[in-house]
Amino acid sequence: MPDSQPQPPPSSPSPSGSPGQSDGALLLCGARLTDGRTVDVRLSGGRIEAVGTAGSLGGTRARGARVDLAGYLLLPAPVEPHAHADTALSADTGGPVSPDPLAVRRRATEAALLQLGHGATALRAHVRVGDVQGLGALDAVLTAGRSLRGLAELTTVAMPRVLTGVAGADGLAVLRDAVKMGACVVGGCPDADPDPTGYVEAVLEVASEHGCPVDLHTDATDPARLARLAAMAGGLRPGVTVGPCAGLSRLPADMASRTADQLAAAGVTVVCLPQGGCGGADHRGTAPVRLLRAAGVRVAAGSGALRDVSNPVGRGDPLEAAYLLASRDGLSPEEAYDTVSASARAALGLPEVRVEAGFPAELLAVRGDRLAGALSLGYSRIVVHQGRVVARTSAVREYCDSAAAARLGLPQQGRGELP
């Protein structure tokens with residue numbers, strides 16, 4: 001089974017030009033697509049150059065390196081729309097999470113590599129600003145993001161605690177400084193402010209000043225408050241995201257339905273957290289994804305806490321999030337995977353990815369031949385970012401010799417006998 005520690009990325013074609021992007025071609029051979037076709041896929045310049053039937057692109061004069069994907073399902077790479085890089089991997093510290101910038105940077109880097117190994121080539125990290133940590137944690141996560149260029153894209157959401165009243169003046173100043181420092185998204189937790197509506201107004205004002213997206217934590221237990229948020233956010237560009245909204249699941253059906261309609265009309269995206277909560281959420285559970293999707297709300301799925309005090313067993317695996325939505329919430333495998341791929345990419349403002357010529361070469365190959373199987377048993381993975389292989393996880397399950405398996409012709413992996 002896969003090692004729990006991130007390993008250095010596998011060797012791949014030497015990059016030239018911009019970081020993480022190879023000008024040489026890379027040929028993915030014999031991959032299976034979700035429509036059942038087996039194809040070769042040629043990548044060049046960070047994009048998909050051609051897709052053809054198996055063997056059609058790999059002639060003797062074919063240029064570039066090759067990766068054999070026989071036995072793998074090739075998918076658009078997932079992304080992580082809701083991570084907490086500054087507190088990740090801190091569950092076992094036995095005390096308060098260290099605000100030391102070097103410790104934050106180390107945790108953020110290790111967490112991003114773990115999630116990259118799962119397949120996420122882009123991540124949005126929510127980072128606390130103000131209070132004791134000031135801008136130190138944000139600076140550390142931004143530094144980690146720069147060090148990961150060419151492997152994954154790590155962007156940040158600045159999360160102040162209080163923005164209204166006398167106490168909120170400092171928070172508002174820190175939030176503006178955070179955006180100037182490099183935070184790409186304005187966020188926070190209006191539920192934690194004495195004046196949630198005023199908090200949202202302040203966030204929207206700063207976002208409008210700087211042309212930034214908005215990403216807010218809310219449990220959505222107060223439908224009137226969420227309706228006001230939707231009314232204020234309607235039409236804001238680049239857009240507004242809220243999550244995890246688990247409180248919507250506990251509302252009466254008619255009230256939840258009206259709220260979903262209001263969110264859809266305002267163009268607000270909801271990011272749910274099937275794998276557990278996070279530091280900005282007071283309640284467990286998952287937003288009513290089927291209700292929201294039926295109303296026309298874009299729903300993405302994130303991981304939330306990654307082994308911190310909010311969820312000490314969080315895995316940060318997009319495929320697990322999709323698996324839970326399929327097994328527990330009744331989405332089809334295709335709908336579930338959309339929440340961590342196409343819809344999650346749209347929530348992050350990233351371009352669409354399809355396994356077709358002309359699209360970005362952001363891909364995930366998972367051992368298996370059907371999407372449902374990949375979601376339940378997709379341990380072996382090969383991750384492609386900007387047209388090159390940046391991570392590989394190889395899982396081998398071994399059994400001792402079995403006469404029953406031999407009679408049935410079941411495949412055996414490994415060599416020799418188990419000790």
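Computed from a prediction, not measured in an experiment: that's the story for all the values here. (Residues numbered from 1 in each chain as written. Predicted model: local features only at pLDDT ≥ 70, side-chain atom pairs only at ≥ 80, totals over all residues. Heavy atoms only, no water.)

1. Concerning the overall build of the protein
- Within the protein, the regular secondary structure consists of twelve helices and 16 strands.
- Evaluated residue by residue, the protein yields a buried proportion of 51% over its 419 residues.
- A total of about 18200 Å² of accessible surface is found on the protein, and carbon and sulfur atoms cover 51% of it. (Helix = DSSP H or I, 4+ residues; strand = E, 2+ residues; numbered from the N terminus. Buried < 20%, exposed > 50% of the residue type's maximum accessible area, 1.4 Å probe, protein only. Areas by Shrake-Rupley, 256 points an atom, 1.4 Å probe, with all protein chains shown as cover.)

2. Structural notes on the sheet that holds strand β8 (residues 153–159)
- Pairing in this open sheet of eight strands is parallel, and the strands run β6-β7-β8-β9-β10-β11-β12-β13 from one edge to the other. Looking at the sheet topology across the chains shown, the edges are occupied by β6 (80–83) and β13 (299–301). Each adjacent strand pair in this sheet contributes to an overall mean axis angle of 25°, direction not counted.
- For strand β11 (residues 240–244) and strand β12 (residues 269–272), the ladder comprises two bridges, and the chain directions are parallel. Within β12, the residue paired with Val242 across the bridge is Val270. (Pairing = 2+ DSSP bridges. Axes fitted to C-alpha atoms, helices over the stretch in contact; angles between N-to-C directions.)

3. Focus on the nonpolar core
- In terms of nonpolar packing, the biggest core is built from 79 residues, with Val240, Leu263 and Leu292 touching the most fellow members.
- Among the elements that line this core, the one with the most residues is helix α4 (residues 196–210), at seven residues.
- In this structure Val240 touches Leu204, Val214, Leu229, Ala233, Gly267, Val268 and Thr269, once residues within four positions along its chain are discounted. (Core = buried A, V, L, I, M, F, W, Y, C linked by side-chain atoms within 4.5 Å. Contact = heavy atoms within 4.5 Å.)

4. Points about the environment of Arg124
- Looking at the secondary structure, you find Arg124 in strand β7 (residues 122–128).
- Using a relative accessible area of 3% as the deciding quantity, one classes Arg124 as buried.
- If near-sequence neighbours (up to four positions away) are discounted, Arg124 is found in contact with Glu80, Pro81, His82, Ala83, Thr155, Val157, Val185, Pro213, Asp215, Thr241, Ala347 and Leu348.

5. Points about the environment of Pro288
- With respect to the secondary-structure elements, Pro288 resides in the loop between β12 and α7 (289–295).
- As a C-alpha pair, Pro288 and Cys272 span 16 residues in sequence and 8.7 Å in three-dimensional space.
- Non-local contacts of Pro288, meaning those with residues more than four positions away in its chain, are made with Cys245, Leu248 and Ser249.

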